[in-house]
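# Descriptive analysis of the structure
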Amino acid sequence: MRKLNLFAASVCAFSLALGLVSCSENDNLTSKGSKVELPAKHRAYFLNEGNMNDNNANIKLYAPTNSELSTDDIFYKQNNQRLGDTAVDLIKYRGCMYVSVNKSNYIAKLSAAAVEEARVTFTDVPELQGGVRYMVADDGYIYATFYGGAVAKINANNLKIEATLTGLGDNLEGIVEDNGKLYVANSCNSDWVYFRDIRVIDTRTFTLENTIEVAQNPRYLLEEDDKVFVISCDYTSAGGYVLQQINTRKNNEVKQIGYASQMAEKDGILYVINSVTDWSTKKATNTLYTYNIETGVVNNASFLRDMPEALKTAGIYMLEINDNNGDIYISKSDFVTNGTIYRFDRNGNFVESFDAGGLNPCCGVFFD
């Protein structure tokens, strides 16, 4: 879990007073510059990856307390331009959003109204031309991974690149921060040779410190309570993608928890979905369970009490939890038509489903 750095918060507050940034450590539900009516509070934004080379990535605004204000492709409506080709990640930091778009190869900073405030494009930076992937924010910086084996350190305010670190591998994927260290997944190379590397970077010196061996093809990372959780897309695994834990308090000790394709955290509990699709029938077997991060105990009972029939055998593409109220959001995707997002309350009761407004809804952020 990211912790508030008091010095960084003071700098941010001072910058706000000078009018240098529109974002704050708390949710800043601005509607400044909006071309559409927005909910005054309770906004959720979901990123749709789109199809590669189709320039059809977009962002959906979902209004959980006023469905009439939900808006498809909110980025286009607010900025009069398409989001681009193959979106990857959407994070929230100091009341703003940051979105990475791989094939278009840029990161944009958006207000809580989805109005673009800054952009950095990497196409003219030789070491970053492989394409941006995932992001993490810490102490006033955005750290982003790139295909080609680089990590960039970017000023979160103005999106200026302050440093790059290269030679970290090939196709870098997930990234998290814990106690001044970045953990970065090195998944595979362009010839689909799969690696087993988690690179550890010291944020102070911005140098490679260590390498941790995990299951092959690590992709998705999540950090909580000095533990880094890794989902590796190990195609040789009969049980599905491999879920492991790196304990940063115990010399980066690695242990396997089970199998997972999606994970999210709330109040010290890791929520896990293992969605395994039989492509001959296009039906998935979905297993849901939880993991107590403090005790290390797996609870094999599903965390959903009421799962709609249409979701039970669908390929699950996203799991997100609103940290403010515990609402659970799960998406399904068939890679051809618009995805569907299912909303559950904190107790796992089904609330409603809605059209994602685009292909492959992959992640979301919440403003309350």
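Just above sits the structure.
Owing to the predicted nature of the structure, the values given are computational and were not obtained by experimental measurement.

What counts as what
Residues numbered from 1 in each chain as written. Predicted model: local features only at pLDDT ≥ 70, side-chain atom pairs only at ≥ 80, totals over all residues. Heavy atoms only, no water. Salt bridge = Lys/Arg side-chain N within 4 Å of Asp/Glu carboxyl O. Buried < 20%, exposed > 50% of the residue type's maximum accessible area, 1.4 Å probe, protein only. Core = buried A, V, L, I, M, F, W, Y, C linked by side-chain atoms within 4.5 Å. Helix = DSSP H or I, 4+ residues; strand = E, 2+ residues; numbered from the N terminus. Contact = heavy atoms within 4.5 Å. Polar contact = N/O pair within 3.5 Å; in protein donor to acceptor, adjacent residues only side chain to side chain. Pairing = 2+ DSSP bridges.

Moving on, we come to the pattern of salt bridges. Applying the stated criterion across every chain, the model contains 16 salt bridges. Linking glutamate 117 and lysine 109 is a salt bridge whose minimum nitrogen-to-oxygen distance equals 4.0 Å. According to the relative accessible area criterion, glutamate 117 is partly exposed, its value standing at 35%. What emerges from the salt-bridge pattern is a single network uniting Asp225, Asp226, Lys227 and Arg249.

One finds Tyr45, Leu47, Ile59, Leu83, Leu90, Met97 and Val99 to be the most contacted residues of the largest nonpolar core, which totals 25 residues. Only strand S1 (43-48), strand S2 (58-62), helix H2 (74-79), strand S3 (87-93), strand S4 (96-101), strand S5 (106-110) and strand S27 (361-367) provide two or more residues apiece to this core. At four residues, the largest contribution of residues to this core is made by S27. Excluding anything up to four places from it in sequence, leucine 83 contacts Leu47, Ala57, Asn58, Ile59, Phe75, Val99, Val101 and Tyr106. Counting 21 residues, the second-largest nonpolar core is a separate cluster that includes Cys96, Phe122, Ile142 and Ala144.

This part is about the environment of asparagine 292. Along the chain, asparagine 292 falls in strand S21 (residues 283-292). In this structure, the C-alpha to C-alpha distance between asparagine 292 and isoleucine 269, residues 23 residues apart in sequence, is 4.9 Å. With near-sequence residues (within four places) excluded, asparagine 292 lies in contact with Gly268, Ile269 and Val297. Only 3.0 Å separates the side chain of asparagine 292 from the backbone nitrogen of threonine 295, close enough to count as a polar contact.

The next thing to look at is the pairing of strand S11 (residues 171-178). Here S11 lies mainly inside the structure; eight of its eight residues are buried. Both S11 and strand S12 (residues 181-188) contribute to a ladder of six bridges, which runs antiparallel. Across the sheet, residue isoleucine 175 finds its bridge partner in S12, namely valine 184. Taking the residues between adjacent antiparallel strands as the criterion, S11 and S12 are bridged by two residues, where asparagine 179 takes a positive phi near 50°.

By themselves, these figures tell us nothing about what the structure is for.
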